[in-house]
Amino acid sequence: MPGIDLHLHTTASDGAFAPADLVRMAYEAGLDCIAITDHDSTDGVAIAQEAGQGLGVRVIAGIEFNTMWHGQSVHILGYFVDTEHPELQAVIARQRDGRLYRAQKIIEKLATLDMPLVWEEILAGADGGAVGRPHIAKAMLAQGYVSEANEAFDRYLGHGMPAYVEQPKLTPSDAVMLLHRAGAAAGLAHPYNVEGADQVDLGILVPELADAGLDAIETYYTGYSTEQRSAILQMAQQFSLIPTGGSDFHGGGILVQAELGAIRVPPESLARLEAEARQRTAR
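Residues numbered from 1 in each chain as written. Predicted model: local features only at pLDDT ≥ 70, side-chain atom pairs only at ≥ 80, totals over all residues. Heavy atoms only, no water.

(A) Quick peek at the sheet that holds strand β7 (residues 242-246). Taken in spatial order, the seven strands make up an open sheet running β1-β2-β3-β4-β5-β6-β7, and their pairing is mixed. Taken across any chain shown, the strands that pair with only one partner, and hence form the sheet edges, are β1 (4-8) and β7. The average undirected angle you get between the axes of adjacent strands in this sheet is 35°. As paired elements, strand β2 (residues 33-36) and strand β3 (residues 58-69) share four bridges and run parallel to each other. Bridge pairing in β3 places Ile 36 opposite Ala 61. Sheet strands touched by helix α2 (residues 45-55): β2 and β3. Its angle to β3, the strand with the most contacts, is close to 150°. Those strands touched by helix α9 (residues 226-238) are β6 (216-221) and β7, and its axis lies near 160° from that of β6. (Pairing = 2+ DSSP bridges. Helix = DSSP H or I, 4+ residues; strand = E, 2+ residues; numbered from the N terminus. Axes fitted to C-alpha atoms, helices over the stretch in contact; angles between N-to-C directions. Contact = heavy atoms within 4.5 Å.)

(B) Representation of the packing of aromatic side chains in the model. Tallied over the entire structure, the rule returns three aromatic pairs. Aromatic pair Phe 17 and Phe 249: ring centres 6.1 Å apart, planes at 5°, arrangement stacked. Note that Phe 17 is positioned in the loop between β1 and α1 (19-28) and Phe 249 in the loop between β7 and α10 (267-282), a separation of 232 residues in sequence. Classification of Phe 17 by relative accessible area gives partly exposed; the value is 28%. A ring pair is formed by Tyr 192 and Tyr 224, whose centres lie 5.8 Å apart and whose planes are at 80°; its orientation type is edge-to-face. One end of the pair, Tyr 192, is in the loop between β5 (185-188) and α8 (202-211); the other, Tyr 224, is in the loop between β6 and α9, and 32 residues separate them in sequence. In textbook terms, an aromatic cluster arises when at least three aromatic residues are bridged by ring pairs, as seen for Tyr 192, Tyr 221 and Tyr 224. (Phe/Tyr/Trp six-rings, centres within 6.5 Å; stacked < 30°, edge-to-face > 60°. Buried < 20%, exposed > 50% of the residue type's maximum accessible area, 1.4 Å probe, protein only.)

(C) Geometry of helix α7 (residues 172-181). Burial runs high along α7: seven of the 10 residues are buried. Listed as buried for α7 are Pro 172, Ser 173, Ala 175, Val 176, Leu 178, Leu 179 and His 180. At the C-terminal side of α7, Gly 183 shows a positive phi close to 75°.

(D) Representation of the nonpolar core in the model. Counting residues in hydrophobic clusters, the biggest one holds 33 residues, and the most contacted among them are Phe 65, Ile 76, Leu 88, Leu 179, Leu 188 and Leu 205. If you list the elements that add at least two residues to this core, you get β3, β4 (72-79), α3 (86-112), α7, β5, α8, β6 and α9. Among residues more than four places away in sequence, those in contact with Leu 179 are Ile 63, Phe 65, Ile 76, Leu 77, Gly 78, Val 81, Leu 88, Ala 184 and Ala 186. The next biggest cluster of nonpolar side chains, apart from the first, holds 23 residues, and it includes Leu 110, Ala 139, Val 146 and Val 165. (Core = buried A, V, L, I, M, F, W, Y, C linked by side-chain atoms within 4.5 Å.)

(E) Spotlight on the environment of Ile 34. By secondary structure assignment, the location of Ile 34 is in strand β2. In this structure, the C-alpha to C-alpha distance between Ile 34 and Val 265, residues 231 residues apart in sequence, is 10.0 Å. Residues within four places of Ile 34 in sequence aside, it is in contact with Asp 5, Leu 6, Leu 8, Val 23, Ala 26, Val 57, Arg 58, Val 59 and Ile 60.

(F) Spotlight on the pairing of β1. The element β1 is largely enclosed, with a buried count of five among its five residues. The pairing of β1 with β2 spans three bridges and is classified as parallel. Pairing of Leu 8 across the sheet is with Ile 36, part of β2.

(G) Unusual backbone geometry, seen in detail. At Asp 40, a residue that is not glycine, the phi angle is positive and equals roughly 50°. Position of Asp 40 among the secondary structure elements: in the loop between β2 and α2. Here His 190, not a glycine, exhibits a phi torsion of approximately 20°, which is positive. Positionally, His 190 belongs in the loop between β5 and α8.

(H) Representation of the pattern of salt bridges within the structure. Using the criterion set out here, one finds nine salt bridges in the structure. When the shortest N-O distance is used, the salt bridge between Arg 24 and Glu 28 registers 3.4 Å. Placement of both Arg 24 and Glu 28 in helix α1 is noted, with a separation of four residues, approximately one turn of the helix. For Glu 28, a relative accessible area of 56% gives the class exposed. Two residues, Glu 87 and Arg 181, come together in a salt bridge whose shortest N-O distance is 2.8 Å. Residue Glu 87 is found in helix α3, and its partner Arg 181 is found in helix α7; the two are separated by 94 residues along the sequence. A relative accessible area of 32% places Glu 87 in the partly exposed class. Look at the salt bridges and you will find they share partners, linking Arg 58, Glu 274 and Arg 278 into a network. (Salt bridge = Lys/Arg side-chain N within 4 Å of Asp/Glu carboxyl O.)

Shown next, in the form of C-alpha cells:
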C-alpha cells in the first residue's frame, strides 16, 4: 500500500518539526503523500509543498479546526484547502487570537499553582506559530514541574484539570461549512477521544455533522483498536462518509505513540477526498 498519512503537524501550530524538516522525515519514513493539518493555521503548507516537490512527496494543503460541541472538544479536519480563501484566513486569525488569550489565562492559573512560567519564553517556543497547550507543556517540562509532556495534560492542562481554560471556538458544523466554502473536503478527526476528556456521543454528533455535509471520518488512527476501527467503518458506511486517517504526528513528546509511516490510508480514500474537494471548488 502506498504511504499516505493525512494528519501531520508542524511548528506552524504545535508540532516539533519545521515544515520542510517534516517533509524530509516523511520521505525517509517511506511516505508518498502527506497532509499538513496544523491547528488553526495554514502557514506551513507552502513551505512543505515546496520541499515535497524536491523529494517527490505530495503535500496536501490541510488544516485542523478545534471546535466546541455542547461543552466538548471536537476537531474537524480540512483536506485540499484553498489557503488563500479570505473568509478562511479571517476565521484563522480569530482562532489564533483566542489561542493567545487562552494561553495567557492558563499561565495565570499555573502561577496560582506555584508553577510560574515566562510568557516571552512560551512565545519563543512557538517560534512564530500558533501558541497551544503543547508549548506550555514543554515549558513546564523544562522547568521541572512535570516529568514528561503528557503529565502536564493529565494533571494540569487537560479538560477539567486545575489549569484548563476553555477557548471560544467554532461549532463543528460551522467548521464543516466554512471548509466547504474554502473548497475543501471536511472530516471528523479522531472520533474516539484521545485527550482523556469525556467521550462525545457519536450517535448524536455524526448524524448532525452528516446533515451539515461532513465528507469523511478519521478511521485509521494512532492507537485505535480493531474494534474501534470497525465501529468507525460502520458509521462511515451508514452515513456515506469517506474513511480517512493519519498518525496525528507532532513529535516532541506530544502523542508519543504516533509514528511517521505507521498509519497507512487506503489510496481510494485519498482519491475520494480529492474528488469531493474538486466538486466543492467547482460549485
